[in-house]
Amino acid sequence: MPNNDPSRVTIILQTADRTRKAEITVPRTMQVSSLISASTRRWFLSAGVDYQVTNLATGMCLNTSDSLSTDKVADGDVLMLQPFPTHGANRG
Amino acid sequence: MTLSPASGGRFDRLERIAGWDREHLAAARILVAGAGAIGNEVLRLLAQLGIGHVLVVDFDTVELLNLPVSPLFRESDIGRPKARAAAEAMRALSPDVSAEWFSGDLEFELGLGVVRSMDLVIGCLDSLGARLALNLACRRAGVPWLNGAIEINQVEVTHFGGQSGPCFECGMSAAMWARRAERFSCGGLRSPDSALPVPTTAITASLAGALLVNEAAGILLGGPGGASDSLQPGQKISLQTRPYHSGVYALQEQPGCLAHELWAPVRVIDDRPAGLTAIELLVRLDEPDGQLKLGWDLLTGMTCSACGAQEPMLRPLESAPEELIHCPACGEESRSPVSVAWIDRHSPAATLSLAWIGVPDYAILEVAGTEKHRVQLSGEYRPSGLQPDAVQSRRCPG
């Protein structure tokens, strides 16, 4: 759907394992951390895991404390949601 | 093109690779932090490639569950320090390799001067807290480091510059800080480690190890920024194995990041912590009224709010277990820690040797007085400079 509201941005959000994918329109002021919280809840992703978001269009990792506009997320960008790995092998 | 006949030497195939400067790689000083699954793969490859004077650091011992993901360990190694078993296995693989080991806590028992002497640090760690500590040490020492991390089907390798660009802490989210805080009680004592072994295989560890060593070679051969086709500082490679997906991504620098602090210049003195007190150091620097900043919180005692009993003790606060809240005098769990972050000439700890209060060899200490000083103890670190029993011998009783 074309997005005619300049205060909102339409993006494609997908998980790195491609099991979840959605086109969503959200406020440009939305914090990346809120996007992560909403999508992990909505998609029933593992709790107790830290997530990160990468903009595949720009190759930039988004700061969780930034808004989408601060990180220059544009209409049509594909954002990838994936766990932030902190494991070696033995302990979390 | 004519290829020279095979020399029959161990590294003959490597020397045929254009640009492979084996002597340069062999002379590099590399600290490998963590000798678990990823660390094993990294150390195996460094040995087989003849790279570096390697110092292996790990506080843990080998367990049975390590064997399926650790190619350097054998059943006969169970119960032995991982760092020692790994270093010895490296030398068995490649006798030319210089491999040392240090069995101790990276955060509290390895002096920053050791990190400062390195050309590169490779992080093969398994916790957020250890990565934060290594990141801070490398940033203070101005040494680049590579961070390897895995999930079940995911591998990430990140190159962090030593003195500029984004660091590991820049990428910490509020949720990650909250998870980090869960490891400590309100007073700063360390909560019991309840983390379970994570599901993984040697496959992702092997991929991570290979990528880490590939990047290490690129950095060492390419100078400060690394080879042009290697990861640049502030970049990471992310590899997903199910389904396959990979990419190189850029991290963002947080301008206000508190970890961006280069400790330089550093004055090096030969005195060891075991033979020097805080007062003696302050006088030596002509700062008798100065403050010695330890760089960590020093637990000086526990006080019981129920019975009032006080027990003096001296150890880094974050290494002190939560069980210390139990009061042996009244039996209540009502003791609180008392800690300080600095020592002056009036402090009770000022007349004790620095080793007694937990300062390791090659530590770099800050002294704030009429001016700011940064002093490295024990001289410059040289390979073979760490005594295997040094950690045990400097721990204070109780």
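Look up a bit, the structure's there.
Residues numbered from 1 in each chain as written. Chains lettered and ligands numbered in written order. Predicted model: local features only at pLDDT ≥ 70, side-chain atom pairs only at ≥ 80, totals over all residues. Heavy atoms only, no water.

1. A closer look at the interface of chain B and chain A
Where interface size is quoted, it is often the accessible area lost as the parts come together.
Phase 1: Each partner contributes to the interface: chain B provides 43 residues, whereas chain A provides 30 residues.
Phase 2: Taking both partners together, chain B and chain A bury about 3100 Å²; carbon and sulfur atoms supply 48% of that area.
Phase 3: Inspection of the chain B/chain A interface yields 1 salt bridge.
Phase 4: Between D50 of chain A and R179 of chain B there is a salt bridge whose closest N-O contact spans 3.1 Å.
Phase 5: Summed over the shared surface of chain B and chain A, the number is 9 residue pairs in polar contact (both at pLDDT 80 or more).
Phase 6: Broken down by secondary-structure element, the contributors of at least two residues to the side of chain B that touches chain A are α3 (37-49), α6 (128-141), β5 (145-151), β6 (154-160), α7 (174-181), β7 (235-241) and β8 (244-250) of chain B.
Phase 7: Sort the elements by how many residues they give to the side of chain B that touches chain A and β8 of chain B lands first, with 5 residues.
Phase 8: Per-class residue counts for the side of chain B that touches chain A are 23 nonpolar, 11 polar and 9 charged. (Contact = heavy atoms within 4.5 Å. Buried area = accessible area lost by both parts, 1.4 Å probe. Salt bridge = Lys/Arg side-chain N within 4 Å of Asp/Glu carboxyl O. Polar contact = N/O pair within 3.5 Å; in protein donor to acceptor, adjacent residues only side chain to side chain. Helix = DSSP H or I, 4+ residues; strand = E, 2+ residues; numbered from the N terminus. Nonpolar A, V, L, I, M, F, W, Y, C, P; charged D, E, K, R; others polar.)

2. Details of the packing of α3 of chain B against helix α4 (residues 82-93) of chain B
Residues and elements named next belong to chain B.
Phase 1: Here α3 crosses α4 at 30°, and the two axes come no closer than 9 Å. Classed by the angle they form, the pair α3 and α4 counts as roughly parallel. In the packing of α3 onto α4, the handedness of the crossing is right-handed. Contact residues: α3 offers L43, R44, L46, A47 and Q48, while α4 offers A86, M90 and L93.
Phase 2: Across the contact of α3 with α4, the residue classes tally to 6 nonpolar, 1 polar and 1 charged. (Axes fitted to C-alpha atoms, helices over the stretch in contact; angles between N-to-C directions. Parallel < 35°, antiparallel > 145°, perpendicular 65-115°, else oblique. Left-handed = near helix turned anticlockwise from the far one by under 90°.)

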